[in-house]
Amino acid sequence: MRAVVQRVAEAAVTVDGETVGAIEGPGLCVLVGVTHADTPEQAAQLARKLWSVRLFDGGETELSCSDLDAPLLVISQFTLYGDARKGRRPTWNAAAPGPQAEPLVDAVVAELRSLGATVETGRFGADMKVSLVNDGPLTVLLEL
């Protein structure tokens, strides 16, 4: 699994003009990609990492979502496994197909919620419009 994590002041995702998920920060906007070999255990591990990774300024120490009870906006993003090393057109061969990927993205969200997180989501497979105010800016890549 691969996640692009952005610390945000706010973030929202819309589908066909309807806001389907939105958070007010501080929080994290997380794009999640799934590849063929990913497992439910990795989904749970990613959720725990997202909840505990220290990306927020706490003065003398860095803080995590769990420390701040900060919300997360989690959005499925198969293009994170795009490969454009050859030619001019990316291939998506490394991205897991929808029937495999959707339950794993859902597992990340479910595990975050079981840890106590407030989680908003996009809509799997939809043409989504994501807007955010990146705080910092701070963007990190997490890969399991």
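The structure contained in this document is the topic of the report that follows.

**Quick notes on the packing of helix α1 (residues 40–52) against helix α3 (residues 98–114)**
Helix-helix packing is described using two parameters, namely the angle between the two axes and the distance between the axes. Packing of α1 against α3 leaves a shortest axis separation of 8 Å and a crossing angle of 45 degrees. Compared by their axis directions, α1 and α3 come out oblique. For the element pair α1 and α3, the recorded crossing hand is right-handed. Here P40, A43, A44, L46, A47, R48, L50 and W51 of α1 lie close against α3, whose contacting residues are L104, A107, V108, E111 and L112. Residue classes in the contact of α1 with α3 are distributed as eleven nonpolar, no polar and two charged.

**Brief notes about the sheet that holds strand β2 (residues 18–33)**
Read from one edge to the other, the open sheet built from five strands follows the order β6-β5-β2-β1-β7, with strand pairing classed as mixed. Only two strands of the sheet have a single neighbouring strand rather than two, namely β6 (119–121) and β7 (128–143). Each strand axis lies, on average, 30 degrees off the axis of its neighbour in the sheet, ignoring direction. As paired strands, strand β5 (residues 72–76) and β6 are joined by three bridges and run parallel to one another. Residue pairing for β6: L72 is matched across the bridge by V119. Here α3 sits on the sheet in contact with β2, β5 and β6, set at roughly 160 degrees to β6.

Conventions and cut-offs
Residues numbered from 1 in each chain as written. Predicted model: local features only at pLDDT ≥ 70, side-chain atom pairs only at ≥ 80, totals over all residues. Heavy atoms only, no water. Axes fitted to C-alpha atoms, helices over the stretch in contact; angles between N-to-C directions. Helix = DSSP H or I, 4+ residues; strand = E, 2+ residues; numbered from the N terminus. Parallel < 35°, antiparallel > 145°, perpendicular 65-115°, else oblique. Left-handed = near helix turned anticlockwise from the far one by under 90°. Contact = heavy atoms within 4.5 Å. Nonpolar A, V, L, I, M, F, W, Y, C, P; charged D, E, K, R; others polar. Pairing = 2+ DSSP bridges.

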